[in-house]
Amino acid sequence: MTVFKTFLKVLNKCKAPIIMYTVILIFFGGFNMKTSENNPNFIATKPDILIINQDEEKGITKNLVDYIKENSNVKEIENDEESINDALFYRDVNYIIYIPENYRENFLNGKNPEIEIKSTGDYQSSLAEMIIERYIKIANIYQKNINSEEEIIENINETLSKQTEIQITSKLDTENLKKATFYYNFANYSILAGCVYVICLILSSFKEQNISKRTIISSMNYRKYNRYLLLSNSLFAIILWIFYVILSFILVGNIMFTTHGLIYILNSFIFTICAVTIAFLIGNLVNNKNAINGIVNVIALGSSFLCGAFVPMEWLPDAVLKIAHILPSYYFISNNELLTKIENINIESLRPVLENMGIIFIFTIAFIIITNIVSRRKRKIG
């Protein structure tokens, strides 16, 4: 009880950093979620195409040009090679089509005339290529079986007019799941920074000469002493975690009331306990209060950058992600990312999530064991 009372007195002096890390979480986590709202998943666009038609614009040639105009933005550019190349270089057009002379006549005679192209090589030029290839493949099929040009054009247009109906059967609320992922990914920093700063400050206070000597000569063994401190620090961390969970309900919304939301919460709880043991280990290794700010930057900021809390994992180099595997934050953030892709919650779909939670738990046990070893050796030295 004496240990716990002393803990509360020291904790009362640490309100400022707790408030600061919470404000950072609200501001940057909320900003990331707002940015996510403004980024739609898909926008259908038409490629910008330049047509250089060296044939007469009639019959099958005219029909091809009309089809391209209907499915793309046809640009008008001066017909000289320098202007055309400049337009391609500056992305004024994505795709340039050269319809050769006598294209219509050669096509009707089954000579399969070649259409030359130039492209920017980006996704819009790929879309333009798909548009052209679709027309030519269909046209070649009808040309081999029909002799009348008018009938060929009629069949081509009828086939191209058919559209496939797409139905989205997934019930996954990806937009709100991404909001939750942004929030809890950023919470990696706030939880780690809050726990490391406050717990290290508390432990350094317990290491002050007078308190330390009284503890060493007391009848309480180091295991019991560490257990009391660990439980006290865990209580603080759990209260901090509950506060951040309540914030997630306010900022993220109804998705937190679903099974997915429950798993986000459970994942963050397991990580919070791990963060306590990390802070407890560092607090036993470091005696200097002035060094705590630097430690917070190295541990919280470093792991957040390496593991994808601030920058999405898919944007990070493979070498960075390989290094990140040695940090518990990697498995916490990986779980948050996995939850955006799991539609049906069952044992099989949750297997990778549970494995990551197990790894975080192993980290927690390892930190506790190392802390006890360090604490015992320091007492012997003292």
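Residues numbered from 1 in each chain as written. Predicted model: local features only at pLDDT ≥ 70, side-chain atom pairs only at ≥ 80, totals over all residues. Heavy atoms only, no water.

Moving on to the overall build of the protein chain. Helix and strand counts for the protein chain come out as 15 helices and 4 strands. Burial status across the protein chain gives 45% buried among its 382 residues. When contacts within the protein chain are restricted to residue pairs at least 6 apart in sequence, long-range pairs at least 24 apart make up 78% of them. A total of about 21,500 Å² of accessible surface is found on the protein chain, and carbon and sulfur atoms cover 57% of it. (Helix = DSSP H or I, 4+ residues; strand = E, 2+ residues; numbered from the N terminus. Buried < 20%, exposed > 50% of the residue type's maximum accessible area, 1.4 Å probe, protein only. Contact = heavy atoms within 4.5 Å. Areas by Shrake-Rupley, 256 points an atom, 1.4 Å probe, with all protein chains shown as cover.)

Before going further, it helps to spend a moment on a nonpolar patch on the surface. Taken together, the side chains of I26, I242, I246, I250 and L251 make up a nonpolar region of the molecular surface, amounting to roughly 420 Å² of accessible area. The element best represented in the nonpolar patch is helix 10 (residues 222-252), accounting for 4 residues. Tracing the backbone through its elements, the reader meets I250 in helix 10. Exposure remark for I250: the relative accessible area of 62% places this residue in the exposed category. (Patch = residues over 30% accessible without salt bridge, like charges linked within 9 Å, V, L, I, M, F, W, Y side chains within 5 Å. Salt bridge = Lys/Arg side-chain N within 4 Å of Asp/Glu carboxyl O.)

Now for the pattern of salt bridges. Applying the stated criterion across every chain yields a total of 5 salt bridges. Notably, a salt bridge pairs D66 with K62, separated by 2.9 Å at the nearest N-O pair. With a gap of 4 residues between them, D66 and K62 both fall in helix 3 (residues 59-71), about one helical turn apart. For R351, the salt bridge is made with E348, and the minimal N-O distance between the two is 2.9 Å. On the criterion of helical spacing, the pair formed by R351 and E348 is a turn pair, its members being 3 residues apart in helix 15 (residues 347-381). Using a relative accessible area of 39% as the deciding quantity, one classes R351 as partly exposed.

Ordered in space as 2-1-3-4, the 4 strands form an open sheet in which the pairing is mixed. Of all the strands in the sheet, the pair left with one neighbour each is strand 2 (73-74) and strand 4 (116-119). Where strand 1 (residues 48-53) meets strand 3 (residues 95-99), 5 bridges bridge the pair, whose relative direction is parallel. Following the sheet pairing, L50 is matched in strand 3 by I96. Here helix 6 (residues 123-145) sits on the sheet in contact with strand 1, strand 3 and strand 4, set at roughly 30° to strand 3. (Pairing = 2+ DSSP bridges. Axes fitted to C-alpha atoms, helices over the stretch in contact; angles between N-to-C directions.)

Attention shifts here to the nonpolar core. By size, the foremost hydrophobic cluster in this structure holds 68 residues, and its most contacted members are Y184, C195, V196, I199, M256 and V296. Those elements that place two or more of their residues in this core are helix 8 (174-206), helix 10, helix 11 (259-285), helix 12 (292-307), helix 13 (318-324), helix 14 (328-339) and helix 15. Broken down by element, the residue count for this core peaks at 19 residues, all from helix 8. Contacts of V296, omitting those with residues within four sequence positions, involve Y21, A193, V196, Y197 and L301. Counting residues in hydrophobic clusters, the runner-up holds 24 residues, among them I99, I132, I146 and I152. (Core = buried A, V, L, I, M, F, W, Y, C linked by side-chain atoms within 4.5 Å.)

Shape descriptors only; they carry no functional weight alone.
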